[in-house]
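Here's the letter readout for the chains.
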Amino acid sequence: MQFSNIPLTQITPDANQPRKFYDAAAMEDLTASVLEKGVIQPILVRPHSNGSYLLVCGERRYKAAQAVFAQVPERNTIPAIARVLSNDEALELQIIENLQRKDVHPMEEAVAFESMLQHNMDVKTIAKKVGKSDYFIRQRIKLCNLTDDWQKIFFANRISITDVLKISAFDTDVQDEIFEEEVYNNDEKIELYEYSLNSYNGSLSKAAFDITDATLYPEVGSCINCQYNSATALLFAEDATNPVCKKISCFKYKSDINFNIKLKEAIEDPTLVFCAGVYEHVKRTKQIIVAGHEVITKYDYKRFEDLEPEKPDFKEFEEEWLEEHDKDRNGCIEAFDKAMQKYHKEVAELQKEVAQGKFVKAFIVDGIDAGRFELVKLCGKKGVGMDGNSEDEASSSIADEITRLKEKEEKFKGRDEVKIWEEIKPHFSPYNNASLLKSAITILDMEALAFAIYNKLYYESKNAFCKLFEIDIKKEDCFSNLHLDMLPQMLRFFYLDILPPKHLFSVYTHEALVSLKIARDYFPSVLKNIEAAQEEISSKRIAKVNTKIAELQKKLPAPEPAKEKKTKKASIKSLVE
């Protein structure tokens, strides 16, 4: 097969090229290779119009050659094979080329299969052409439901294919919301948890809010007879037992309202713990941490419902028994009774742990259960081991809980103090205290003013200020030993320290003008000497500049003599007129 070197300017990339993603680092390496050794393998093009060509295969090589051409203008051609192809033939070659690469990304496969679907190929035909199963093709095509943001994250290998397949099941507005909540501007891997994604699927049977409450969101009422409740239409049998809200924005809004109501109750309970999944990726949890509460992650607790044993169901038990024992019913009832006895024993042990204080009340802050109050068992760093059942361990657990409650109460005290300051701070306003501004200076005013001055002084001046006025900054009441006679001296210390400003960009600023007035009034002789010295320097500099200008002017060519302008003599008639 022959090829020729075709000018790059005659080649146009194919806008319908199914490959949409290119690794930036790999492209840089390829460009460096082409710059050094050239394009070794020719690209494939097809005739287009007016002597130009449309690119079919080899877009990475073409992009690298373009980058080299921008650096070295004489390298303006690329080896290429020209072949007459129809649109469908070209597309099939492009897809096969992309899929045959050993490093092909699942997202690239998805885009390729989607392109084949749009060109009247069904799933079975695609599967046969690429040698994959129908299931594989369908799973890949699902990835095309991802928004552009999620596709970029996936192509950057920051999230697993399992997680993005779950994301692809949501509408685009929900995907955007999950992206905003879970993804940050960094290169970290993103791990999505089932309980977190459940909060976006609108499951009414698992909703943290009361779906019968019509007052939670009065504009839409309760969820029972809502048109967006899948159980209302009963399109599928499972909707009767597992209804889903089809308007996720409403579901999320009700969840948020319920969460905020319950959160106010939770933060007032000092015995309660806040539990989350992986709190680094949840805004609500960060909000609670900023407010001064500790939030423990899923590694440090177990929920009661997760530890509660599942009650055996006779029909299911019987089916499993008959399958395992070759349809023999003998012993089935006896085995079921033993299973029930084991269940009741495990329930009793769990209730005993609750009575022993091994479980504490918790508020769930993220996921589908955000806003629920539940019992949890602390474990790992936050509590006893999950297998501990001895009396010593029980005592240790209670002692740990007492310690935790005391520590939490200390945090609450600190929070109470912060609340006091938040309430009183707006009253420290010069605009709302006109009478106070007009009253005489007191010792309290002096103490407050001394602190304000100290706080605004340059760092290197603070020690001198304390030494001059005998202030021991280490003492709690260090400003209480001052008297009113110190006020003039203290004020002058302050303005002499901050004036003139360290960085003076103009002598016409207010700071500069006031500073100059102070200098003329308090140390005029110093100012006079400084101005005289500067005047001498200035005079010498001006003399040098004038001398230099005169020397340069002598080197200029002599100006041409001005030509006399000829003027018309006025006529006697015009003068008379």
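Structure shown above.
**Student:** Please explain the overall build of the chain as it appears in this structure.
**Tutor:** Across its full length, the chain carries 24 helices and ten strands. Counting the 577 residues in the chain, one finds 35% classified as buried. Within the chain, contacts between residues at least 6 apart in sequence are counted, and of these 65% link residues at least 24 apart.

**Student:** Mind showing me how you'd approach a negative patch on the surface here?
**Tutor:** On the surface, a cluster of negative charge is contributed by Glu310, Asp313, Glu316, Glu319, Glu320, Glu323 and Glu324. Positionally, Asp313 belongs in the loop between α14 (304-307) and α15 (314-324). For Asp313, a relative accessible area of 39% puts it in the partly exposed group.

**Student:** Explanation requested: the sheet that holds strand β2 (residues 11-12) in the structure shown.
**Tutor:** Strands belonging to one sheet form pairs held by backbone hydrogen bonds; the direction of such a pair is parallel or antiparallel. Reading across the sheet, the five strands line up as β1-β5-β3-β4-β2 and stay open at both edges, with mixed pairing between neighbours. The outermost strands of the open sheet, each flanked by one partner alone, are β1 (4-7) and β2. Relative to strand β4 (residues 53-57), β2 is paired through two bridges, and the arrangement is parallel. Bridge pairing in β4 links Ile11 to Tyr53. The sheet contacts of helix α3 (residues 87-99) involve β3 (43-47) and β4, and relative to β4 the element is tilted by about 40°.

**Student:** Just checking my understanding: could you explain helix α8 (residues 161-168) for this structure?
**Tutor:** Residues lying three or four places apart along an α-helix face the same way, a consequence of the helix completing one turn every 3.6 residues. Of all the positions in α8, only Asp163, Val164, Ile167 and Ser168 are classed as buried. Around the axis of α8, the buried residues are gathered within 140° of arc, so they sit on the same side.

**Student:** Just checking my understanding: could you explain the side chain of Asp163 for this structure?
**Tutor:** Structurally, Asp163 is set in helix α8. Among residues more than four places away in sequence, those in contact with Asp163 are Ile190, Glu191 and Leu192.

**Student:** Which parts of the structure should I look at to understand the packing of aromatic side chains?
**Tutor:** To describe a pair of aromatic rings, you give the distance between the ring centres and the angle between the ring planes. In total, this model carries 16 aromatic pairs according to the counting rule given. Taken together through their ring pairs, the aromatic side chains of Phe451, Tyr454, Phe465, Phe469, Phe479 and Phe493 make up a single cluster. A cation over an aromatic ring shows up here: Lys132 above the ring of Phe136, its NZ or CZ 5.0 Å from the ring centre.

**Student:** I'm lost on unusual backbone geometry in this one. Help?
**Tutor:** Working note: non-glycine residues mostly have negative phi, and peptide bonds are mostly trans. The omega angle of the peptide bond from Leu499 to Pro500 is -10°, so this bond is cis rather than trans. The backbone of Asn157 sits at a positive phi, close to 60°, despite the residue not being glycine. Relative to the helices and strands, Asn157 resides in the loop between α7 (148-155) and α8. The exposure class of Asn157 is partly exposed, given its relative accessible area of 44%. You will see that Glu470, though not glycine, has its phi angle at about 55°, which is positive. Locating Glu470 in the fold gives a position in the loop between α20 (459-468) and α21 (487-498). Here Glu470 falls in the exposed class, since its relative accessible area comes to 64%.

**Student:** Sorry if this is basic, but what is going on with the packing of helix α19 (residues 443-456) against α20 here?
**Tutor:** It is the contact of α19 with α20, at a shortest axis distance of 8 Å, that shows an interaxial angle of 150°. With respect to α20, the axis of α19 lies roughly antiparallel. Facing Ala450, Ile453, Tyr454 and Asn455 of α19, the residues of α20 in contact are Lys462, Phe465 and Cys466. For the contact of α19 with α20, the per-class residue count stands at five nonpolar, one polar and one charged.

**Student:** Any chance you could explain the sheet that holds strand β7 (residues 295-296) here in plain terms?
**Tutor:** Pairing in this open sheet of five strands is mixed, and the strands run β7-β6-β9-β10-β8 from one edge to the other. Of all the strands in the sheet, just β7 and β8 (301-303) have a single pairing partner and so form its edges. For strand β6 (residues 273-275) and strand β9 (residues 359-364), the ladder comprises three bridges, and the chain directions are parallel. Residue pairing across strands places Val273 opposite Ala362, the latter belonging to β9. Each of β6, β9 and β10 (373-378) is contacted by helix α12 (residues 248-267), which is oriented at about 140° to β9, the strand it contacts most.

**Student:** Hey, could you run me through the layout of surface pockets in this one?
**Tutor:** To find the voids left in a structure, one rolls a probe of water-molecule size over its atoms. What the largest pocket holds in volume is close to 730 Å³. Residue lining of the largest pocket: 17 residues in total, with Phe428, Leu436, Asp445, Ala448 and Leu449 positioned closest to the centre. Put simply, the parts of the chain that give the lining of the largest pocket at least two residues each are α18 (434-438) and α19. Ranked by residues supplied to the lining of the largest pocket, first place goes to α19 with seven residues. In terms of residue class, the lining of the largest pocket is made up of eleven nonpolar, five polar and one charged.

**Student:** For this particular structure, what's the right way to read the packing of α7 against helix α9 (residues 172-182)?
**Tutor:** Helix-helix packing: each pair is described by the crossing angle between the helix axes and the interaxial distance. Remark: α7 packs on α9, axes separated minimally by 9 Å, with the N-to-C direction vectors making an angle of 50°. Overall, the two elements α7 and α9 adopt an arrangement that is oblique. Residue-level inspection shows Asp149, Trp150 and Ile153 of α7 in contact with α9, the latter providing Gln175, Ile178 and Phe179. Residue composition of the contact of α7 with α9, by class: four nonpolar, one polar and one charged.

**Student:** Teacher, can you tell me more about the nonpolar core here?
**Tutor:** As a rule of thumb, nonpolar side chains are buried together in soluble globular proteins. Ranked by internal contacts, the top residues of the largest apolar core, which has 29 residues, are Trp150, Ile159, Ile178 and Phe251. Within the residue set of this core, elements represented by two or more residues are α4 (106-118), α7, α8, α9 and α12. Met446, Leu487, Met490 and Phe493 belong to the second largest nonpolar core, which has 16 residues in total.

Each value, and the rule that gives it
Residues numbered from 1 in each chain as written. Predicted model: local features only at pLDDT ≥ 70, side-chain atom pairs only at ≥ 80, totals over all residues. Heavy atoms only, no water. Helix = DSSP H or I, 4+ residues; strand = E, 2+ residues; numbered from the N terminus. Buried < 20%, exposed > 50% of the residue type's maximum accessible area, 1.4 Å probe, protein only. Contact = heavy atoms within 4.5 Å. Patch = residues over 30% accessible without salt bridge, like charges linked within 9 Å, V, L, I, M, F, W, Y side chains within 5 Å. Areas by Shrake-Rupley, 256 points an atom, 1.4 Å probe, with all protein chains shown as cover. Salt bridge = Lys/Arg side-chain N within 4 Å of Asp/Glu carboxyl O. Lys, Arg positive; Asp, Glu negative; His and termini not counted. Charge placed at Lys NZ, Arg CZ, Asp CG, Glu CD. Pairing = 2+ DSSP bridges. Axes fitted to C-alpha atoms, helices over the stretch in contact; angles between N-to-C directions. Arc of directions from axis to C-beta. Phe/Tyr/Trp six-rings, centres within 6.5 Å; stacked < 30°, edge-to-face > 60°. Lys NZ or Arg CZ within 6 Å of the ring centre and 35° of its normal. Parallel < 35°, antiparallel > 145°, perpendicular 65-115°, else oblique. Nonpolar A, V, L, I, M, F, W, Y, C, P; charged D, E, K, R; others polar. 1 Å grid on protein atoms, 1.4 Å probe; cavity = no way out; pocket = protein on both sides within 12 Å on 5 of 7 lines; lining within 4 Å. Points joined across faces, edges and corners; volume = space filled by probe spheres on them. Core = buried A, V, L, I, M, F, W, Y, C linked by side-chain atoms within 4.5 Å.

In short, the description is geometric, and any link to function would need to be established separately.
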